[in-house]
Amino acid sequence: MEEQIMQLEDNKYYISADSTYADDRVQVLNHCDTFGIFDRWGDILPIGKGTQGIYYRDTRFISRLELRLNNQRPLLLSSNIKEENEILSVDLTNSEMELDNGKVLHHGSIHIRRSQFVKDNLYHEKIELENYNGESYPLDLSLKLAGDFRDIFEIRGLERSRRGEILETQCVDHKTLILAYRGLDGLVRKAKVSFPLPFEQYTEDGTIHYWVLLSSKQKATLDYSILFEQGENGDEDDGKKDTLGYYEARESLGPDLDNTKSYFPVIETANEHFTHWVNRSQADLVSLMADTPYGKYPYAGVPWYNTAFGRDGILTAFETLWVAPDLTKDVLKFLAAHQSNTLNEAADAEPGKILHETRGGEMVALNEVPFKQYYGTIDATPLFVLLAGEYFERTADFDTIKSIWPNLKAAMNWIAAYGDPDGDGFVEYQHKAANGLTNQGWKDSFDSVSNANGELADPPIALCEVQGYVYAAKTHAANIAQLMGEKELAEKWKAEARELKLKFNEVFWDAELNCFVLALDGQKRPCRVKSSNAGHLLFTGIADSGKAKNLVKTLMRPDMFSGWGIRTLSSNERRYNPMSYHNGTVWPHDVALIAFGMAKYGFREETVALVTGLFDASLFIPLQRLPELFCGFERRKGEAPTSYPVACSPQAWSVAAVFILLQALLQIRINPSKKEISFHKPILPGYLEAIRIKNLQVCDLLADLEISRHGNDNMVGVNWENHPEDWKLVVVK
């Protein structure tokens, strides 16, 4: 996926395994620009080079948060993220301890409950104590807080020669702590910790103390909040914001969640585990959907990519388009507004190019990393056009397409003028930014494009899947141009699409490999490597039908299909490593897109195999939350897939995978131009007897659908209710 990190000579942006945040089952909370990584006690501990902390706009504001009872760490009873993904709920109790008054507080006498959440630029916590013993006990409840204000790129492994100044902590009226840092970028970043009740003591190590005499069966409650701000004086640019109390903030969670969830229909199945996978995926995706001036935008993933990425947002929208078209509209508007209109080599920006990522943080502001508004991606631009075309086919929303038509034309001009500088018909990349990404496809680690002998390919590089994206972009752009009355442009792009398909199938197909080659290198030599990249060609439609049949066979062989999913690289290749970020691991979004492509070409059994592999994997993974990736080892009976230690979770395009997998099984198409919902040879595996979809958006109306499997011959029937009266339901069996 995106850049990896660690300062190595060959790869400045590799995520070092010793920066793992998998410090044994951490818990993650996220909302817009704020996210927190806690241990299962609800604490934040500075363990090794771990990443526990509360982050805001790419800076870790809180690096330590420790709850203690009488200076001892409580015992863990349970730790759970609630089903809606909004609250971390932790149950603790006391260990056996002797008190200062000589009494013994027996193990399990005091119940401690922590409820924690983040919303906007605030963290909230409520701590409840209840005494289940028959005596009264004096208790010292303490919280130790610290903030190191480290940039997320530092956490990920980049060394800095100098940093700003951590300011002295202010204690105000024994009700407020202010942790602050003055950065080299001139901004002051503040964490304002506010308690409604004054604390009894504050010590220089950053610990506040509350002394409680808790009678038998008595309860005591403490709540507090932390406000994160940055600016010249530490205040946000939009003015000072009052701190919301715990209860007021929690009350506001409901309407916000309901508004975001309204993007999606309700999906239930006859399989309880599959339904939970759908619901968990939706909750995770909702938690990543940030508010922007253009609507919602799915941030890529926590912790490394909690910001807007062009490619990730586009593919997440594509995966969910059939169920959540409004999200696609928002993504298109956001990316159109951030499209480059200048030539800036330092940001790999060119007129018409679509954003790779945008970042905040001190290191970005100082140009220590180039990602403030960075355009080093070869595929986001054609994918933007592809998504717009798919969106119009799904919605017939002419107004939105008309509003971004200049952006679509600019993107197509970029493909012709900058994407294909040598005019050979293939789009290629070579980074220009001094600190930019070496590889600029979705596999953007430094070693992801190699030749059969294992040597890295020299740029400029023309990736196979990018040509498929360009083919789809030209096809969709031609249709939109026709709609806009620009017939000459439409004919031009249609002809270019036909020519590209013909040339691509001649140049990129390797009969000996029985696969499309990974890429062409700078000398136009084929990189004769079997990879999952070739699988993306199926959903774009660029592969000739005969070659598609052979490609599917190749992808489903044991060297590519691990049993959980398609490996990013064949196990027969020189650079194969099942623990390598892009050279042998399994990425759920990658597998899902391939499954969708296989279904489009009619390979139903292979589609079911890929859906089943990812579903089975979800059953082994905590919360059924498919991570960014997992290792590519062969599936072993009764064992979970092997985790990748620094994978993001939740990750937008991974949790969105289940929706396009359902679309692959059902082959559902909503066609407003024909006023028709169609299913083309739908298939349901034996463990998925029925699917019910309620409130599916059909233009401005809603429809309810029920899809059922009948008998052992996999005959699938479809019924609908509450549908638009002038629409048709078509099922091709």
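Attention here is on the structure that accompanies the text. Just so you know, these numbers come straight off a predicted model, no measurement behind them.

Calculation criteria
- Residues numbered from 1 in each chain as written.
- Predicted model: local features only at pLDDT ≥ 70, side-chain atom pairs only at ≥ 80, totals over all residues.
- Heavy atoms only, no water.
- Helix = DSSP H or I, 4+ residues; strand = E, 2+ residues; numbered from the N terminus.
- Rg over C-alpha atoms; globule rule 2.2 N^0.38 Å.
- Buried < 20%, exposed > 50% of the residue type's maximum accessible area, 1.4 Å probe, protein only.
- Contact = heavy atoms within 4.5 Å.
- Areas by Shrake-Rupley, 256 points an atom, 1.4 Å probe, with all protein chains shown as cover.
- Lys, Arg positive; Asp, Glu negative; His and termini not counted.
- Charge placed at Lys NZ, Arg CZ, Asp CG, Glu CD.
- Axes fitted to C-alpha atoms, helices over the stretch in contact; angles between N-to-C directions.
- Parallel < 35°, antiparallel > 145°, perpendicular 65-115°, else oblique.
- Left-handed = near helix turned anticlockwise from the far one by under 90°.
- Pairing = 2+ DSSP bridges.
- 1 Å grid on protein atoms, 1.4 Å probe; cavity = no way out; pocket = protein on both sides within 12 Å on 5 of 7 lines; lining within 4 Å.
- Points joined across faces, edges and corners; volume = space filled by probe spheres on them.
- Nonpolar A, V, L, I, M, F, W, Y, C, P; charged D, E, K, R; others polar.
- Salt bridge = Lys/Arg side-chain N within 4 Å of Asp/Glu carboxyl O.
- Core = buried A, V, L, I, M, F, W, Y, C linked by side-chain atoms within 4.5 Å.
- Expected span 1.5 Å × (residues − 1).
- Phe/Tyr/Trp six-rings, centres within 6.5 Å; stacked < 30°, edge-to-face > 60°.
- Lys NZ or Arg CZ within 6 Å of the ring centre and 35° of its normal.
- Polar contact = N/O pair within 3.5 Å; in protein donor to acceptor, adjacent residues only side chain to side chain.

Some details on the overall build of the protein chain
Phase 1: Regarding its fold elements, the protein chain presents 17 helices and 35 strands.
Phase 2: Relative to its length of 733 residues, the protein chain is compact, with a C-alpha radius of gyration of 27 Å against a globular reference of 27 Å.
Phase 3: Based on the C-alpha atoms only, the size of the protein chain along its principal axes is roughly 85 × 60 × 50 Å.
Phase 4: For the protein chain, buried positions account for 61% of its 733 residues.
Phase 5: For the protein chain, restricting intrachain contacts to residue pairs at least 6 apart in sequence, the fraction spanning at least 24 positions comes to 65%.
Phase 6: Carbon and sulfur atoms form 47% of the exposed surface of the protein chain, whose accessible area is close to 27400 Å².
Phase 7: Computed over 78 positive and 104 negative side-chain charges, the inter-centroid distance for the protein chain is 4 Å.

A few points about the packing of helix 7 (residues 380–395) against helix 9 (residues 405–419)
Phase 1: At their nearest, the axes of helix 7 and helix 9 sit 9 Å apart, and the two run at 140 degrees to each other. In terms of their interaxial angle, helix 7 and helix 9 are classed as oblique. Considering the relative orientation of helix 7 and helix 9, their crossing is left-handed. Listed contacts from helix 9 to T381, P382, F384, V385 and A388 of helix 7 are N407, L408, A411, M412, W414 and I415.

Observations regarding the sheet that holds strand 31 (residues 676–680)
Sheets are built from strands paired through backbone hydrogen bonds, the pairs being either parallel or antiparallel.
Phase 1: As summarised here, the arrangement of the 3 strands in space is 30-31-35, forming an open sheet in which the pairing is mixed. The sheet is open, and its two borders are formed by strand 30 (668–671) and strand 35 (728–732), each paired with just one other strand. Sheet twist, expressed as the mean angle between neighbouring strand axes with direction ignored, is 15 degrees.
Phase 2: In terms of strand pairing, strand 30 meets strand 31 through 4 bridges, oriented antiparallel. Residue pairing in the sheet places I670 in a bridge with I677 of strand 31.

Observations concerning the sheet that holds strand 17 (residues 201–203)
Phase 1: Strands sit in the order 5-12-18-17 across an open sheet of 4 strands; the sheet is antiparallel. The strands lining the two open edges of the sheet, one partner per strand, are strand 5 (64–69) and strand 17. Across this sheet, the average inter-strand angle for adjacent strands is 20 degrees, counted without regard to direction.
Phase 2: In the sheet, strand 5 pairs with strand 12 (residues 137–146) via 6 bridges, with the strands oriented antiparallel. Bridge pairing links E66 to K144 in strand 12.

A short note on empty space enclosed by the protein
Phase 1: Taken as a whole and assessed by the stated rule, the structure comprises 3 cavities of 30 Å³ or more.
Phase 2: Taken as a whole, the largest cavity holds about 180 Å³ of empty space.
Phase 3: N30, H31, D256, L257 and S287 are the residues nearest the centre of the largest cavity, which is lined by 18 residues in total.
Phase 4: Looking at the lining of the largest cavity, the elements with two or more residues in it are strand 1 (27–31), helix 2 (246–261), helix 3 (272–288) and strand 21 (289–292).
Phase 5: Of all the elements, helix 2 adds the most residues to the lining of the largest cavity, at 4 residues.
Phase 6: Residue composition of the lining of the largest cavity, by class: 8 nonpolar, 5 polar and 5 charged.
Phase 7: Looking at the second largest cavity, its volume works out to about 30 Å³.
Phase 8: Classifying every residue of the lining of the second largest cavity gives 4 nonpolar, 2 polar and 2 charged.

Considerations on the pattern of salt bridges
Pairing is possible between side chains of opposite charge, provided their charged atoms come close.
Phase 1: Tallied over the entire structure, the rule returns 44 salt bridges.
Phase 2: Linking E486 and K409 is a salt bridge whose minimum nitrogen-to-oxygen distance equals 3.2 Å. Highlighted residues: E486 in the loop between helix 10 (464–483) and helix 11 (487–507) and K409 in helix 9, separated in sequence by 77 residues.
Phase 3: For K409, a relative accessible area of 26% translates into the label partly exposed.

Side note on the pairing of strand 1
Phase 1: With 5 of its 5 residues buried, strand 1 lies for the most part within the structure.
Phase 2: Of the two faces of strand 1, the one lined by Q27, L29 and H31 and the one lined by V28 and N30 are each fully buried.
Phase 3: Here 5 bridges tie strand 1 to strand 2 (residues 34–38), and the two strands are oriented antiparallel to one another. Bridged to N30 within strand 2 is F35.
Phase 4: Linking strand 1 to strand 2, which pair antiparallel, is a turn of 2 residues; within it C32 sits at a positive phi near 50 degrees.

Some words on the nonpolar core
Phase 1: Core analysis: the largest hydrophobic core is formed by 183 residues, its most contacted members being F384 and I707.
Phase 2: With sequence-adjacent residues up to four places away left out, I707 is seen in contact with L666, F679, L684, E689, A690, I691, I693, V716, G717 and V718.
Phase 3: With 44 residues, the next largest nonpolar core counts Y56, L69, L139 and L145 among its residues.

Description of helix 2
Phase 1: Taking 1.5 Å of rise per residue, the 16 residues of helix 2 would be expected to cover 22 Å, and the 23 Å separating its terminal C-alpha atoms lies within 8% of that figure.
Phase 2: Listed as buried for helix 2 are Y246, A249, L253, D256, L257 and T260.

Examining the packing of aromatic side chains
Phase 1: Enumeration according to the criterion identifies 37 aromatic pairs in this entry.
Phase 2: Pairwise contacts between aromatic rings join F38, Y123, F195, F199, Y210 and Y224 into one cluster.
Phase 3: The ring centre of F426 lies 5.1 Å from the NZ or CZ of K503, which sits over that ring.
Phase 4: Above the face of the W564 ring, R635 is positioned so that its terminal group lies 4.2 Å from the ring centre.

Observations regarding helix 5 (residues 325–337)
Phase 1: Between the first and last C-alpha of helix 5 there are 19 Å, a value that for 13 residues agrees with the 18 Å anticipated at 1.5 Å per step.
Phase 2: Next to the buried residues of helix 5 lie strand 21, strand 22 (295–298), helix 4 (310–320), helix 7, helix 9 and strand 32 (690–698).

A word on the environment of D422
Phase 1: Topologically, D422 is positioned in the loop between helix 9 and strand 25 (462–463).
Phase 2: Separated by 3.2 Å, the side chain of D422 and the backbone nitrogen of D424 make a polar contact.
Phase 3: Here K524 takes part through its side chain, which lies 2.6 Å from a polar atom of the side chain of D422.

Here we look at unusual backbone geometry
Phase 1: The linkage connecting P459 with the following residue, P460, adopts the cis geometry, with an omega of -5 degrees.
Phase 2: Of the consecutive residues S649 and P650, the connecting peptide bond is found in the cis state with omega at 5 degrees.
Phase 3: Relative to the helices and strands, P650 resides in the loop between helix 15 (604–620) and helix 16 (652–655).

Some points on the environment of N80
Phase 1: One can find N80 in strand 6 (residues 75–81).
Phase 2: Sequence-wise, N80 and F679 are 599 residues apart; in three dimensions their C-alpha atoms are separated by 39 Å.
Phase 3: Excluding residues within four positions of it along the chain, N80 makes contact with Q27, I87, L88 and S89.

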